[in-house]
Amino acid sequence: MKVLVTGASGYIGGQLADKLSAAGHDVTCMVRNAARAPQLHSPQIKFVEADALQAETLPPALNGIDVAYYLIHSMSGRVEGFEERDRQAAHNFAVAAKHCGVRRVIYLGGLAATGATVSAHLKSRHETGAVLRKFGPPLVELRAGIIVGNGSTSFEIIRCLTERLPVMICPRWVGVETQPIAIEDVLAYLVAALDIELDGNAVFEIGGSDQVSYEQLMREYAHQM
């Protein structure tokens, strides 16, 4: 398949692009600046410059693509106003993908219990999925909890807090429960979503089987170290 991977400079995107290329797919990574494109293992991977916040740059990146992975979020830059940027980027991408004939979009979102009080970041993750479903091609949305692996933002926060603060006055979020999943399993789900047979949109919750609080994760990390 001809596959587009957005967010290739991120923790998951780069690893996903390498896995897809190794499986024989024709992979293109969408980046805002090709001169700063990440170093990937597969030399067959191509790069295209486009920005989801600039709608006019998207059609050249999406033309001829069978499946597009949407791994974009705005929290890595300016925090202020990230919700509106997330909505606008998702809308631009969805409209362009549908116009260009993309058959499927695969999106990695966040896991939360129905009716739970969630953070602004997680709320934005769910809104992004809703926008992609409304305006774009059929969507496969995978909702994951904290992703465990070297380089994962949430995991690195746990590592940093545990290693640097032997005593900590705990904020409220430390008691929130999550369902950790290993990066290897997330990548396996993302690859499997490429050609799974579905009729229309689908949401899969891919949290791990263990339900633990962030405090328990920090204590377990400390124990293992």
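No experiment lies behind these values; they were computed from the predicted model shown. (Residues numbered from 1 in each chain as written. Predicted model: local features only at pLDDT ≥ 70, side-chain atom pairs only at ≥ 80, totals over all residues. Heavy atoms only, no water.)

Caption draft 1: Geometry of the overall build of the chain. What the chain contains, in helices and strands, is seven helices and eleven strands. In summary, the chain has a C-alpha radius of gyration of 18 Å against a globular reference of 17 Å for 225 residues, a match within 12%. Viewed in the frame of its principal axes, the chain has a C-alpha envelope of about 55 × 40 × 35 Å. Looking at the 225 residues of the chain, the share that counts as buried comes to 46%. In the chain, the proportion of contacts linking residues at least 24 apart, taken out of those at least 6 apart, comes to 72%. Surface summary for the chain: the accessible area is close to 12200 Å², and the carbon and sulfur share equals 51%. (Helix = DSSP H or I, 4+ residues; strand = E, 2+ residues; numbered from the N terminus. Rg over C-alpha atoms; globule rule 2.2 N^0.38 Å. Buried < 20%, exposed > 50% of the residue type's maximum accessible area, 1.4 Å probe, protein only. Contact = heavy atoms within 4.5 Å. Areas by Shrake-Rupley, 256 points an atom, 1.4 Å probe, with all protein chains shown as cover.)

Caption draft 2: Main features of helix α5 (residues 153-164). Under the 1.5 Å per step criterion, the end-to-end length of α5 is 16 Å for twelve residues, consistent within 8% with the ideal 16 Å. Turning to α5, its buried residues are F155, I158, R159, L161 and T162. Summarising the contacts, the buried residues of α5 are in contact with β7 (147-148) and α7 (214-224). (Expected span 1.5 Å × (residues − 1).)

Caption draft 3: Spatial organisation of the pattern of salt bridges. Within this structure, the stated rule accounts for nine salt bridges. Residues D26 and K46 are paired through a salt bridge, measuring 2.4 Å at the closest nitrogen-oxygen approach. Highlighted residues: D26 in strand β2 (residues 26-31) and K46 in strand β3 (residues 46-49), separated in sequence by 20 residues. Here D86 ties to R125 by a salt bridge, and the two come within 3.7 Å at their closest N and O atoms. On the criterion of sequence distance, the pair formed by D86 in helix α3 (residues 82-99) and R125 in helix α4 (residues 120-135) is long-range, its members being 39 residues apart. Using a relative accessible area of 3% as the deciding quantity, one classes D86 as buried. Note on R125: relative accessible area 7%, which makes it buried. (Salt bridge = Lys/Arg side-chain N within 4 Å of Asp/Glu carboxyl O.)

Caption draft 4: Molecular detail of the packing of aromatic side chains. Scanning the model with the defined rule gives four aromatic pairs in all. Both rings, one in Y70 and one in Y107, keep their centres 6.1 Å apart while their planes meet at 55°; by these two values the pair is tilted. Of this pair, Y70 sits in strand β4 (residues 67-70) while Y107 sits in strand β5 (residues 104-110), placing them 37 residues apart in sequence. Y107 carries the same exposure label as Y70, and that label is buried. Consider the rings of F155 and Y221, whose centres lie 6.0 Å apart with planes at 80°: the pair is edge-to-face. With a gap of 66 residues between them, F155 in helix α5 and Y221 in helix α7 connect regions that are remote in the sequence. The exposure classification of F155 matches that of Y221, with both residues buried. Taken together, the ring pairs in this structure connect Y70, F93 and Y107 into an aromatic cluster. (Phe/Tyr/Trp six-rings, centres within 6.5 Å; stacked < 30°, edge-to-face > 60°.)

Caption draft 5: A look at the packing of helix α1 (residues 11-22) against helix α6 (residues 183-192). One way to put it is that α1 packs onto α6 with a least axis distance of 10 Å and a crossing angle of 55°. Here α6 runs oblique to α1, going by the angle between their axes. In the crossing of α1 with α6, the sense of the turn from one axis to the other is right-handed. Judged by residue contacts, Y11, I12, Q15, L16, K19 and L20 of α1 engage I183, L187, L190 and V191 from α6. The class makeup of the residues in the contact of α1 with α6 is eight nonpolar, one polar and one charged. (Axes fitted to C-alpha atoms, helices over the stretch in contact; angles between N-to-C directions. Parallel < 35°, antiparallel > 145°, perpendicular 65-115°, else oblique. Left-handed = near helix turned anticlockwise from the far one by under 90°. Nonpolar A, V, L, I, M, F, W, Y, C, P; charged D, E, K, R; others polar.)

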